[in-house]
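One letter stands for each residue in the lines below.
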Amino acid sequence: MNGLDLMASRPARALRIAIHNQVLFTLLIVASAAVASSGFVSIAPNRLVSGTPLPLWEAAGGLPSLGIAILGSMLLSACCIAPSRALHYAAAASAALLLLLALIAAGHAATALVVNAKPGSRISFGASFWLLAGCASLALADAMQRLAAGIGARLVLAIAIVSAVLWLAITGTFDALSIAREYETRRQVFTGALLQHMALVGASVGGAVVIGFPLGIAVARRPRLQGPVFAFLNLLQTIPSIALFGLLIVPLSALVAAAPWLAAFGIAGIGVTPAIIALVLYALLPVVRNTSAGLTGVDRAAIEAGRGMGLSRGQIFWQLELPLASPVLLAGLRIVIVQAIGLAVVAALIGAGGLGTFVFEGLGQYAVDLVLLGALPAIFLALGADFLLQLAAALLRRRFAT
Amino acid sequence: MIEIDRVTKRYGERLVVDRLSLTIPAGGFCVLLGSSGSGKSTTLRMVNRLTAIDSGSIRVGGEDVRGVPAEVLRRRIGYAIQSIGLFPHWTVEDNIATVPRLLRWPQPRMRDRVAELLELLRLDPETYRRKYPHQLSGGEQQRVGVARALAADPELLLMDEPFGAVDPITRDALQGELLRIYRATAKTIVFVTHDIEEALRLATQIAILHEGRIAQYGSPLEILERPANDFVSEFVSRQGLGLKLLSVRRIADRMRAGETADGKPLLVDTALRDALSVMITRRTERLPVCDADGRHLGVITLADLVR
C-alpha cells in the first residue's frame, strides 16, 4: 500500500512521492508546526508570572537547531522510502537521538539564558519542547512497533534512554531549568515524597490483592455472587476520588474518637489511613474482575482431565488454574498499579503525602514547574511499573505459550 | 472385573441412570453405546467417581469404588475424554507423566515411561517430548491424551468419546492404534460412543443404553443378529445392517478350505466387509485366503458372504 501520493508537479512526467509511513509523517508535521510557531523554552522574571516564549533557534542557538532540523528531515525522508527493517532501525535511532537532542538543547538554552538573567528568574520548557519530545517518543514507539520489537529489545532501549537522560541530569545539563531549581530547593523532601508515594501504592495494591484475590476466586466459583459483588465495586468506581478521600475522614475520625487506642497504630481521620482505604477500594474492581475472569477463562477440559486423573482440588488450583489464569491476573495487577500511582497523587489533599504534595503546593502557588516536579515522577513511575509488568507478562507467555 | 450393581443417578427431577447393572469381565473391551442423554457418559463417570453415585454400587476388581479416596481411585484408572484436556502450559512429557508424578515415581522411571508410551502411540520421543500441546495436530493431541491415560499402567481405562472430535481418517487410525494397544496390553477398557461403527469395530461387548437402562448387552454379533427389542433393532439397523454384519464377521467364518483361486490372497482374519470391497474393486467373485505367515488356506466367494 502506498498511502497518499503527493503530486509534486502536475505535468506529463509527474514526480510522485509516496508517503509510506503516515503516522511518522503526521508526527513530523505536528512537531514542525510546533517548533515554528511556539516557544522552545520560556523565561520569566520570577516564578509567579508567565514567561516569554523563545523559539528554538533563538533559545538554543544554531548548532542544536541545525541538529534537530537534520534529524527531522532524515525522519521525513524515512516516510517516503519503501519500508524495510533497516529503515525502521534508522527511524528508531533518529527518533531516539531527536528526543535526547531536544533535552540537551533545552538544557543548553537554559544554561545560556541564565547567565544574563536576573537572579530569581525562571526558565522552563516551552510548548514546542513538549510537542517535539512527545512526537519523538511516539515516532520511536511507532518504529519499535513496525519492527515488531520483542520485550528484550524494548528493555535494552528503555535502559539506554533512561541512562542517557540520567547521565545528562547528573552532569548538570538541566541545572539551569526551573524544574531543577524546584528540585534543588526540595531536595531534602523529594526522595521522602517519592518513597511515600511508592509506599502508598504498595500498601494499597497489596491490600487490594489480599482482599480482592480471594473475593475473585469466590466470585469465579459461585457465579451467583457476581451480580451483587460487581454492582458494589462498580458503584465504588463511580465515586470521584476527591469525594471518597473526603468522605472517609468523618467515619474514621469518629472511629478513632470512640476507640482512642487505634491512634497508637497510626490510624487517624486524615493522612495515610483514609488514603490507603480509598486506594484499596478503587483497586478492588480490577483485581476481583481479572481474578474471576482469569479463573473462569481456564479451559474446562483441562480441569476435567485433571480431576479425572486424580489431581486434588488444591493441586488443580495451584498447578492448573493459577498458572493458566496468570496472564489475566497480571494484566489486572498492571491496571491496578498504574491506576493507584495516579490516584495516590490526589491523596496528598488529605495529608497522605507523596508526590501529590508538590502538585498541590504548585497549584496553590501557581508554580507550574513545581506541579511538574510532582507530576513527572508520577508519570515515569507509572510508565516504569507498566513496562516491568509487561515484561513479566511476556516472560509468562513464553513459559505458558498457549 | 467391573461390577455395576443397580446404580441410579438423578439430576434434580431427571433420572439419568436407572438401576443399571452391568458386569464387564477383566480384559474385556466394553463399549457403552447410545444416543446423547442415554446415560452412557454418566455411567462411565460414576466408575471413577467424577459423578457421585446416588444409589447402588460399583466394584472394580471386587473393591467398592467408594471404599478408597476419590483421588487415589482415579490415579489407578486411566481416563481419556473427547476434549482431551491436555494442560496447555506443560510439555508433552509433563502431560504424559501427570499420574506418575502424582504417584511420586522416580525421575528416570518417568522419563523411560514417557519415551515408551510415545513410541507405543507412534510419536517419536525426541521430536515430541519437549513440544507444547498447541504445537500438535488434533490427532497428535489425542495420541498424547491416550498416552497420558496409560501412563501409570492402569488395569482399567475409561474413555469418553475419545475420538469424537477428530477427522474420519485420523479417527480410523486412532481406532487401529487403540485395538493394537488393547491386544498387546490386556487392559480392561470401557469406552463410550454414539457411533455404532466405532462400537462394532472396537468392542468385545457392547452395552446399548436407552433412557438410563441397558437395552441390550452382548457381543457385537449378538446385538446385530438377535436384537433383544425393537429399540435395539431400530438402533442398529438405522443404516445398512447388512454391511454392519459383514464388518463384524471374519473370512474365517465363511471360508471354503482347500479350494484355490487366482490373485493376491487376503488374510484369514480380514472382515467380510473388506473382502466384499476387494471383490468389487478386482471385479471377481472368488478370492484366495492365507494365514499371517502367507500359507494358502482356501477361498472366499461372493456367495459365501450372503449365506
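This one's a predicted model, so the numbers in the text were calculated from it and none came from an experiment.

## A few points about the overall build of chain B
No. 1: Tallying secondary structure elements over chain B gives 15 helices and 14 strands in all.
No. 2: Against the globule reference of 19 Å for 307 residues, chain B gives a C-alpha radius of gyration of 21 Å, in line with a compact fold.
No. 3: Oriented by its inertia axes, the alpha-carbon framework of chain B measures out at about 60 × 50 × 30 Å.
No. 4: Relative to its 307 residues, chain B shows a buried fraction of 38%.
No. 5: In chain B, once contacts between residues fewer than 6 apart in sequence are set aside, the share between residues at least 24 apart is 62%.

## Here's the deal with the sheet that holds strand β1 (residues 2-11) of chain B
All names here are of chain B.
No. 1: Read across the sheet, 4 strands follow the order β2-β1-β4-β5 without closing on themselves; strand pairing throughout is antiparallel. Edge positions in the sheet fall to β2 (14-24) and β5 (63-64), since each has one partner strand and no second.
No. 2: Looking at chain direction, strand β4 (residues 55-60) and β5 are connected through 2 bridges and run antiparallel. Considered in β5, the bridge of Arg59 is made with Asp64.

## Focus: the sheet that holds strand β6 (residues 77-81) of chain B
Residues and elements named next belong to chain B.
No. 1: One open sheet holds the 6 strands; their spatial order is β6-β7-β8-β3-β9-β10, and the pairing between them is mixed. What marks the edges here is a single partner per strand, and that holds for β6 and β10 (213-218). Strand after strand, the sheet turns through a mean of 15 degrees between neighbouring axes, direction not considered.

## Examining the domain arrangement of chain A
Size of an interface: often given as the accessible area lost when the parts come together.
All names here are of chain A.
No. 1: Taken domain by domain, chain A consists of domain 1 (5-180) and domain 2 (187-399).
No. 2: Domain 1 and domain 2 are separated by 35 Å when their C-alpha centres are compared.
No. 3: Taken together, the contacts link 9 residues of domain 1 with 10 residues of domain 2.
No. 4: Breaking the side of domain 1 that touches domain 2 down by element, the ones donating at least two residues are β5 (122-125), α6 (151-170) and α7 (178-185).
No. 5: If one sorts the elements of the side of domain 1 that touches domain 2 by residue count, α6 sits on top with 3 residues.
No. 6: Here the residues of the side of domain 1 that touches domain 2 sort into 5 nonpolar, 2 polar and 2 charged.

## Section: the packing of helix α11 (residues 272-296) of chain A against helix α13 (residues 313-346) of chain A
Residue and element names in this part refer to chain A.
No. 1: As a packed pair, α11 and α13 sit with axes 8 Å apart at the nearest point and diverge in direction by 160 degrees. When the axis of α11 is compared with that of α13, the two are roughly antiparallel. Considering how the two elements wind past one another, α11 and α13 form a crossing that is right-handed. For the pair formed by α11 and α13, the contact residues are Leu279, Tyr282, Ala283, Pro286, Val287, Arg289, Asn290, Thr291, Ala293, Gly294 and Leu295 on the first element and Glu321, Ala325, Val328, Leu329, Ala331, Gly332, Ile335, Val336, Gln339, Ala340, Leu343 and Ala344 on the second.
No. 2: Across the contact of α11 with α13, the residue classes break down as 16 nonpolar, 5 polar and 2 charged.

## Remarks on the interface of chain A and chain B
No. 1: Across the boundary between the two partners, chain A contributes 17 residues, which contact 18 residues of chain B.
No. 2: Mapped onto the side of chain A that touches chain B, the elements with two or more residues apiece are α12 (300-308) and α13 of chain A.
No. 3: For the side of chain A that touches chain B, a count of residues per class yields 10 nonpolar, 4 polar and 3 charged.

## With respect to helix α9 (residues 223-238) of chain A
No. 1: Between the first and last C-alpha of α9 of chain A there are 23 Å, a value that for 16 residues agrees with the 22 Å anticipated at 1.5 Å per step.
No. 2: In the structure, α9 of chain A departs most strongly from a straight axis at Val229 of chain A, where the bend amounts to approximately 25 degrees.

## Quick word on the pairing of β2 of chain B
No. 1: Bridge count for β1 of chain B against β2 of chain B is 7 bridges, and the pairing is antiparallel. For Val7 of chain B, the partnering residue across the bridge sits in β2 of chain B and is Leu20 of chain B.

## Looking at helix α14 (residues 356-365) of chain A
No. 1: All of the buried residues in α14 of chain A are Gly356, Thr357, Phe358, Val359 and Gly362 of chain A.
No. 2: Directly beyond the C-terminal end of α14 of chain A, a positive phi value near 55 degrees is found at Tyr366 of chain A.

Each value, and the rule that gives it
Residues numbered from 1 in each chain as written. Chains lettered and ligands numbered in written order. Predicted model: local features only at pLDDT ≥ 70, side-chain atom pairs only at ≥ 80, totals over all residues. Helix = DSSP H or I, 4+ residues; strand = E, 2+ residues; numbered from the N terminus. Rg over C-alpha atoms; globule rule 2.2 N^0.38 Å. Buried ≥ 20, exposed ≤ 12 C-beta atoms within 10 Å, placed from the backbone. Contact = placed C-beta atoms within 7 Å. Pairing = 2+ DSSP bridges. Axes fitted to C-alpha atoms, helices over the stretch in contact; angles between N-to-C directions. Domains from an automatic or database assignment. Nonpolar A, V, L, I, M, F, W, Y, C, P; charged D, E, K, R; others polar. Parallel < 35°, antiparallel > 145°, perpendicular 65-115°, else oblique. Left-handed = near helix turned anticlockwise from the far one by under 90°. Expected span 1.5 Å × (residues − 1). Bend = angle between axes of the 7 residues up to and from the residue.

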